Every structure is written in C-alpha cells, then in structure tokens.
Amino acid sequence: MSAAEPIRIAMWSGPRNISTAMMRAWENRPDAAVVDEPFYAFYLQETGFDHPGREAIINRYPTDWRVVVDALTGPVPDDRPIFYQKHMTHHMLPAIDLGWLDRVVNCFLIREPREVIASYTRVRPHPTLDDIGFPRQVEIFHHVRARFDPNPPVLDSRDVLENPRRVLTRLCERIGVPFTEGMLSWPAGRRESDGIWAPHWYAAVEKSTGFQPYRPQNNPLAEDLGELLAESERLYAEMAPFRLR
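Report follows, based on the coordinates.

With respect to the sheet that holds strand β2 (residues 32–36)
- Reading across from one edge, β2-β3-β1-β4-β5 is the order of the five strands in this open sheet, with parallel pairing throughout. Since the sheet does not close on itself, it has two edges, and those belong to β2 and β5 (154–156), each with one partner. The sheet shows a mean angle of 20° between the axes of neighbouring strands, taken without regard to direction.

Brief notes about helix α5 (residues 113–120)
- Within α5, seven of the eight residues are buried, which leaves the element mostly enclosed by the surrounding structure.
- Within the span of α5, buried status applies to Pro 113, Glu 115, Val 116, Ile 117, Ala 118, Ser 119 and Tyr 120.
- Summarising the contacts, the buried residues of α5 are in contact with α6 (134–147) and α11 (226–239).
- The N-cap of α5, judged by a side-chain oxygen 2.9 Å from the amide nitrogen of Arg 114 a few residues on, is Glu 112.

Considerations on helix α4 (residues 65–73)
- Taken residue by residue, α4 has Trp 65, Val 68, Val 69, Leu 72 and Thr 73 as its buried positions. The arc enclosing the buried residues of α4, seen along the axis, measures out at 120°, which places them on a common side.
- Contact partners of the buried residues in α4: β1 (7–13), β2, α2 (40–47) and β3 (82–88).
- The opening residue of α4 is Asp 64, an N-cap whose side-chain oxygen sits 2.9 Å from the backbone nitrogen of Arg 66.

Details of the packing of aromatic side chains
- Scanning all chains against the criterion turns up nine aromatic pairs.
- Pairing Phe 39 with Trp 100 gives two aromatic rings, centres 6.0 Å apart and planes at 40°, and the pair type is tilted. One end of the pair, Phe 39, is in the loop between β2 and α2; the other, Trp 100, is in the loop between β3 and β4 (105–110), and 61 residues separate them in sequence.
- Under the relative-accessibility criterion, Phe 39 is labelled buried at 1%.
- A connected cluster of aromatic rings, assembled from ring pairs, spans Trp 12, Phe 39 and Trp 100.

With respect to the side chain of His 143
- By the secondary structure assignment, His 143 is in helix α6.
- With residues near it in sequence (within four places) discarded, His 143 still touches Leu 98, Leu 101 and Phe 148.

Here is what the cut-offs are and how they apply
- Residues numbered from 1 in each chain as written.
- Predicted model: local features only at pLDDT ≥ 70, side-chain atom pairs only at ≥ 80, totals over all residues.
- Heavy atoms only, no water.
- Pairing = 2+ DSSP bridges.
- Helix = DSSP H or I, 4+ residues; strand = E, 2+ residues; numbered from the N terminus.
- Axes fitted to C-alpha atoms, helices over the stretch in contact; angles between N-to-C directions.
- Buried < 20%, exposed > 50% of the residue type's maximum accessible area, 1.4 Å probe, protein only.
- Contact = heavy atoms within 4.5 Å.
- Polar contact = N/O pair within 3.5 Å; in protein donor to acceptor, adjacent residues only side chain to side chain.
- Arc of directions from axis to C-beta.
- Phe/Tyr/Trp six-rings, centres within 6.5 Å; stacked < 30°, edge-to-face > 60°.

What follows is the structure in structure tokens.
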C-alpha cells in the first residue's frame, strides 16, 4: 500500500463488544470516513434470520457481497485519507471471497468470552457459538496471519476501556496514522453513518461522549452455557496473545 493511497481499516469484531464506540472514535477524526456493518444486509438475506428491522435493512443496503467489496475497496467517501470499516465477523459467510482483505489493514477487536456471553444473554438467552462470532473471527484472524500480516493488531475491549489513550495510540502507530485527541471523546447522539438498525441496538452509545470506564460483568452464567463458554475461551486464547497493551 503506497503512501498516496487511502488507509482502509477493517476492524473485525463480534457482537456485544465496544465496536460502535470504536467507530465513533474514528469518525470523530476529521480525516476519516466510516462505514457501519456493510455486509449486514447480505447476511440477513442469505441466512433468513429475523433480526429487528430485517426487511428495511435488506431494502436499504446491498445484498450482493461483491457490490459491498467494491465499495469498501473503491473511492473513499468524501475523499478522506482514512476509511474505517466496522465489521461483524459472523456476517462474513463462507460464500464471501476473502481475497479483498489484502487491500485493507486488518485489525481485531476481542472481548473476554464470559463478558460477551453475559451481555448477549440479556438479549437472547440461548446463544450459539456462531451467534457470538468467535469461530469466524478466528478463521479470519488466521487467514490474515497466513497471507497478509503475521502479527495483525488485536485490541481487547477491556484494555481499551481501562486506558483508551494508550491503546489507541499503539493502534495508530501500528497502522501508520497519527493519534488524535478527538478519538477519545465525541458528541452524544446518532450519526448519519449509523446503520438504520441503530434504534434497536445503539441506545447506550448514543448517550455516550467517550469510552466508558471498564466494569466487570459479574453475573453468573446459566449452567447450560458451560460448553459454549469453554469453546469460546479456547478461541479467544488464540487471539489474546497478540493484544496491544
């Protein structure tokens, strides 16, 4: 990637993470454009899952993954030099050719599985492993390591919340862009760049003006989630050693 080309940041996250707050941080930079979960409509169309706002999402956004890839690797909105892409790993169904990942800087946002599951079960009491995104995240992680970058940046949400300045500074250094103070705070409210699913999912981040202090999730998990937790922790452990601290 030459210096004259825009820097395209693909941030790969699972659900119930700080992915929307991270998008806010990048959008608050004057040199960055952002896109919110661009494969969501494709994912809903292909899987048939009945998510809130399903039909509106499918009618509003591209359902052909090739069209999405062309947009992600084509001209950057407003000719900005940085293009931040918020991705949910479980949206990347097997039909999607991952060859385009060589045109972006691949980063990974992870969260301790017990906290992911505790948060997710407040919305759906019986999540599957695919629901919380770890299998596909690990697959993409190993794909990137094998083909493009043996040491891709990995951010743990706890590390970010405990010291956002330090972790974001480290991330910017790795990506090759200057850190800006504007990444640490932003105005409350909705954004035009938010997906139309925001009213269903973004209530907390819409009230926020920055990264919230880390608070551990201490609620016990149901006994029938033990196997899910164990497998999630195994997958998480494959990425955790690469964390930026």
